[in-house]
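Listed below are the residues making up each chain.
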Amino acid sequence: MKHREVGELMTREVVTVRNNAPFKEIARTLTEHKVSAVPVVDRSGHPLGVISERDLLPKSAGQSDYFRSLPERETWEEDKAAGTRAEELMSSPPVCARPDWTVAEAARLMEAQGVKRLLVVDESDVLIGIVSRRDLLRIFLRDDEDIRHEIMGDVLDLSLRQSPSAITVGVTDGRVELQGTVDYKSLIPLIERLCRTVDGVVSVTSRLGYAIDDTDSA
């Protein structure tokens, strides 16, 4: 099976700011380009961090004494409020991915790091794109017939050498339903697991029977 890679889904025209960019330039960049965050890069294009709207908020929060009942801010919030350049305001180090990573690899890193986007870098660690949660969700827009074709060919025929004619595969809105008979009972959980790894599959329901129970240890 061929999984879609980060390089196919990422945004290549990335809006960036330099590490010495002043506060107002950063705010203007976010506003004019209608983005919620921008990578910070050095003169060679290497990512140093990311600045989001959240990173800029401490500046606004520090401009009024009206809300005196709010808890005192943490040291890092005070530092952010005092910052005037990108290198002082950014969140770092940046969380990066490679263009040949699969969607599953990128999604696991996003989840583990608690981030909404990954910076994509090449072999020289130069920024070449950015991929967001929304980009990764595009695999679930895949056509049902394409998913069915991959399961019939790559999963059943190529991977398991199982005759596709013995199994009926139905796909509706990414939900896969399997019916039919396989040679051995031990193949059923394997087929189900492989189907779940196909890009665009939302769920797998199996109603498969078997000719021989090869899981009986008695």
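Rules used throughout
Residues numbered from 1 in each chain as written. Predicted model: local features only at pLDDT ≥ 70, side-chain atom pairs only at ≥ 80, totals over all residues. Heavy atoms only, no water. Helix = DSSP H or I, 4+ residues; strand = E, 2+ residues; numbered from the N terminus. Buried < 20%, exposed > 50% of the residue type's maximum accessible area, 1.4 Å probe, protein only. Contact = heavy atoms within 4.5 Å. Areas by Shrake-Rupley, 256 points an atom, 1.4 Å probe, with all protein chains shown as cover. Polar contact = N/O pair within 3.5 Å; in protein donor to acceptor, adjacent residues only side chain to side chain. Pairing = 2+ DSSP bridges. Axes fitted to C-alpha atoms, helices over the stretch in contact; angles between N-to-C directions. Lys, Arg positive; Asp, Glu negative; His and termini not counted. Salt bridge = Lys/Arg side-chain N within 4 Å of Asp/Glu carboxyl O. Core = buried A, V, L, I, M, F, W, Y, C linked by side-chain atoms within 4.5 Å.

Draft legend 1. Examining the overall build of the protein chain more closely. A tally of helices and strands in the protein chain yields nine helices and nine strands. Taking all 218 residues of the protein chain together, the buried fraction comes to 36%. Within the protein chain, counting contacts between residues at least 6 apart in sequence, those at least 24 apart form 59% of the total. On the protein chain, roughly 13,400 Å² of surface is accessible, and the fraction owed to carbon and sulfur atoms is 47%.

Draft legend 2. Here's a closer look at the environment of Ser-36. Among the structural elements, Ser-36 can be located in the loop between α2 (23-33) and β2 (37-41). Given the relative accessible area of 35%, Ser-36 is considered partly exposed. The contact partners of Ser-36, leaving out residues within four places of it in the chain, are Leu-30, Ile-51, Ser-52, Glu-53 and Arg-117. A polar atom in the side chain of Ser-36 sits 3.2 Å from the side chain of Arg-117.

Draft legend 3. Seen up close, the sheet that holds strand β3 (residues 47-52). Here we have three strands laid out as an open sheet, ordered β1-β2-β3, and mixed in their pairing. With one partner strand each, in any of the chains shown, β1 (17-18) and β3 form the two edges of the open sheet. Alignment of β2 against β3, held across five bridges, turns out to be antiparallel. Along β3, the bridge assignment pairs Val-40 with Gly-49. Strands in contact with α2 are β1, β2 and β3; relative to β2, the strand with the most contacts, it is inclined by about 135°.

Draft legend 4. The sheet that holds strand β4 (residues 96-97), seen in detail. Read across the open sheet, the three strands follow the order β4-β5-β6; overall the sheet is mixed. Looking at which strands have only one partner, the edges of the open sheet turn out to be β4 and β6 (127-132). Two strands pair when backbone bridges link them, and β4 and strand β5 (residues 117-121) are joined in this way by two bridges, in the parallel orientation. Bridged to Ala-97 within β5 is Val-120. Together, β4, β5 and β6 form the strand contacts of helix α6 (residues 103-113), whose direction differs from that of β5 by roughly 125°.

Draft legend 5. Quick look at the side chain of Asp-199. Of note, Asp-199 is situated in the loop between α9 (187-196) and β9 (203-212). There is no salt bridge for the buried Asp-199, and the closest opposite charge comes from Arg-142, which lies 5.4 Å off by N-O distance. Among the polar contacts made by the side chain of Asp-199, one reaches the side chain of His-3 at a distance of 3.2 Å. With sequence-adjacent residues up to four places away left out, Asp-199 is seen in contact with Lys-2, His-3, Arg-4, Ile-139, Arg-142 and Ile-147.

Draft legend 6. View of unusual backbone geometry. For the bond from Ser-92 to Pro-93, the omega torsion is 0°, close enough to zero to count as cis. Summarising the element assignment, Pro-93 is placed in the loop between α5 (86-89) and β4. One non-glycine residue, Lys-34, adopts positive backbone phi at about 55°. When its relative accessible area of 76% is taken as the criterion, Lys-34 is described as exposed. Even without being a glycine, Asp-173 presents a positive backbone phi close to 50°. By the secondary structure assignment, Asp-173 is in the loop between β7 (167-172) and β8 (175-184). Judged by relative accessible area, Asp-173 falls into the exposed class, the value being 58%.

Draft legend 7. Spatial organisation of the pairing of β6. Note: β5 against β6, five bridges, orientation antiparallel. Looking across to β6, one finds that Arg-117 is bridged to Ser-132.

Draft legend 8. Spatial organisation of the nonpolar core. Counting residues in hydrophobic clusters, the biggest one holds 21 residues, and the most contacted among them are Ile-151, Leu-156, Val-169, Val-176, Leu-178 and Ile-191. Among the secondary structure elements, those contributing two or more residues to this core are α8 (144-159), β7, β8, α9 and β9. Residues contacting Ile-151, with those up to four places away along its chain left out, are Leu-156, Val-169, Val-176, Cys-195 and Val-198. With 15 residues, the next largest nonpolar core counts Val-6, Ala-97, Val-115 and Leu-118 among its residues.

Draft legend 9. Focus on the side chain of Asp-55. Topologically, Asp-55 is positioned in helix α3 (residues 53-61). At 2.9 Å, the side chain of Asp-55 forms a polar contact with the backbone nitrogen of Ser-52.

No statement about biological role is implied by the geometric values presented.
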